[in-house]
Amino acid sequence: MGPGYFPRILGILLLLLGAALLVAAGLITRFGNQPINAQVITWSALAPPSAWARARDQWWYWHVLRTIAGIAALACIIAASITPQTAGSFGDRPAAMTS
């Protein structure tokens, strides 16, 4: 394990966490928001059901959760991209390979 081991592992872990959060955001959309959308699309705009506010609040809950997951994923990916890579990073190629 060289001096660049831990920053590399941190970068990889941040990328994996970011990917997992993006998957979570997709699953929240599919199994949280879309079923509510499927119900709402069948409603009449002139006569919504009496429990429409409950459906709205559920949809909003899943939307906020999905947004948090997406922003956290973006933050992880940005953090991974600026994590120092010391040992064996792209910029450490021998001079013969850079021409």
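It should be emphasised that the depicted structure is a prediction, and the values quoted were computed from it without experimental measurement.

Concerning the environment of Ile-9
For step 1, the next point in the chain: Relative to the helices and strands, Ile-9 is located in helix 1 (residues 5–40).
For step 2, the next point in the chain: The exposure class assigned to Ile-9 is partly exposed, which follows from its relative accessible area of 30%.
For step 3, the next point in the chain: With 71 residues separating them in the primary sequence, Ile-9 and Ala-80 have C-alpha atoms 9.8 Å apart.

Looking at the environment of Trp-60
For step 1, the next point in the chain: As for its placement among the helices and strands, Trp-60 is situated in helix 2 (residues 52–82).
For step 2, the next point in the chain: You can call Trp-60 exposed: its relative accessible area is 52%.
For step 3, the next point in the chain: Taking the C-alpha atoms as reference points, Trp-60 and Gly-32, 28 residues apart in sequence, are found 9.9 Å from one another.

Things to note about the packing of aromatic side chains
For step 1, the next point in the chain: Within this structure, the stated rule accounts for 2 aromatic pairs.
For step 2, the next point in the chain: Taking the centre distance of 6.4 Å and the plane angle of 35° together, the rings of Trp-59 and Trp-60 count as tilted.
For step 3, the next point in the chain: Centroid distance Tyr-61 to Trp-62: 5.1 Å. Interplanar angle 70°. Geometry classified as edge-to-face.

A closer look at helix 2
For step 1, the next point in the chain: In this model helix 2 runs 45 Å from its N-terminal to its C-terminal C-alpha over 31 residues, within 8% of the 45 Å that 1.5 Å per residue would give.
For step 2, the next point in the chain: Taken residue by residue, helix 2 has Ala-55, Ala-69, Ala-73, Cys-76 and Ala-80 as its buried positions.

A few points about the pattern of salt bridges
Working definition: two side chains of opposite charge can pair if their charged atoms are close together.
For step 1, the next point in the chain: As enumerated under the stated definition, the model contains 1 salt bridge in all.
For step 2, the next point in the chain: In this structure, Asp-57 engages Arg-56 in a salt bridge whose closest nitrogen and oxygen atoms are separated by 3.1 Å.
For step 3, the next point in the chain: Of the residues examined, Asp-57 reaches a relative accessible area of 45% and is grouped as partly exposed.
For step 4, the next point in the chain: Here Arg-56 falls in the partly exposed class, since its relative accessible area comes to 43%.

Topic: the side chain of Asn-33
For step 1, the next point in the chain: For Asn-33, the location among the structural elements is in helix 1.
For step 2, the next point in the chain: Asn-33 sits in the buried class, given a relative accessible area of 1%.
For step 3, the next point in the chain: Apart from the residues within four sequence positions on either side, Asn-33 is in contact with Ile-28, Trp-59, Trp-62, His-63 and Arg-66.

Thoughts on the side chain of Thr-83
For step 1, the next point in the chain: Mapped onto the secondary structure, Thr-83 falls in the segment after helix 2.
For step 2, the next point in the chain: Within polar-contact distance, the side chain of Thr-83 engages the backbone oxygen of Ala-79 at 2.6 Å.
For step 3, the next point in the chain: Among all residues touching Thr-83, those that are not within four sequence positions of it are Pro-7, Leu-10, Gly-11 and Leu-14.

What to know about the environment of Ile-82
For step 1, the next point in the chain: Structurally, the position occupied by Ile-82 is in helix 2.
For step 2, the next point in the chain: Remark: the alpha-carbon pair of Ile-82 and Gly-11, spanning 71 residues in sequence, is separated by 8.4 Å.

About the cut-offs
- Residues numbered from 1 in each chain as written.
- Predicted model: local features only at pLDDT ≥ 70, side-chain atom pairs only at ≥ 80, totals over all residues.
- Heavy atoms only, no water.
- Helix = DSSP H or I, 4+ residues; strand = E, 2+ residues; numbered from the N terminus.
- Buried < 20%, exposed > 50% of the residue type's maximum accessible area, 1.4 Å probe, protein only.
- Phe/Tyr/Trp six-rings, centres within 6.5 Å; stacked < 30°, edge-to-face > 60°.
- Expected span 1.5 Å × (residues − 1).
- Salt bridge = Lys/Arg side-chain N within 4 Å of Asp/Glu carboxyl O.
- Contact = heavy atoms within 4.5 Å.
- Polar contact = N/O pair within 3.5 Å; in protein donor to acceptor, adjacent residues only side chain to side chain.

Spatial relationships are all this shows, so hold off on functional conclusions.
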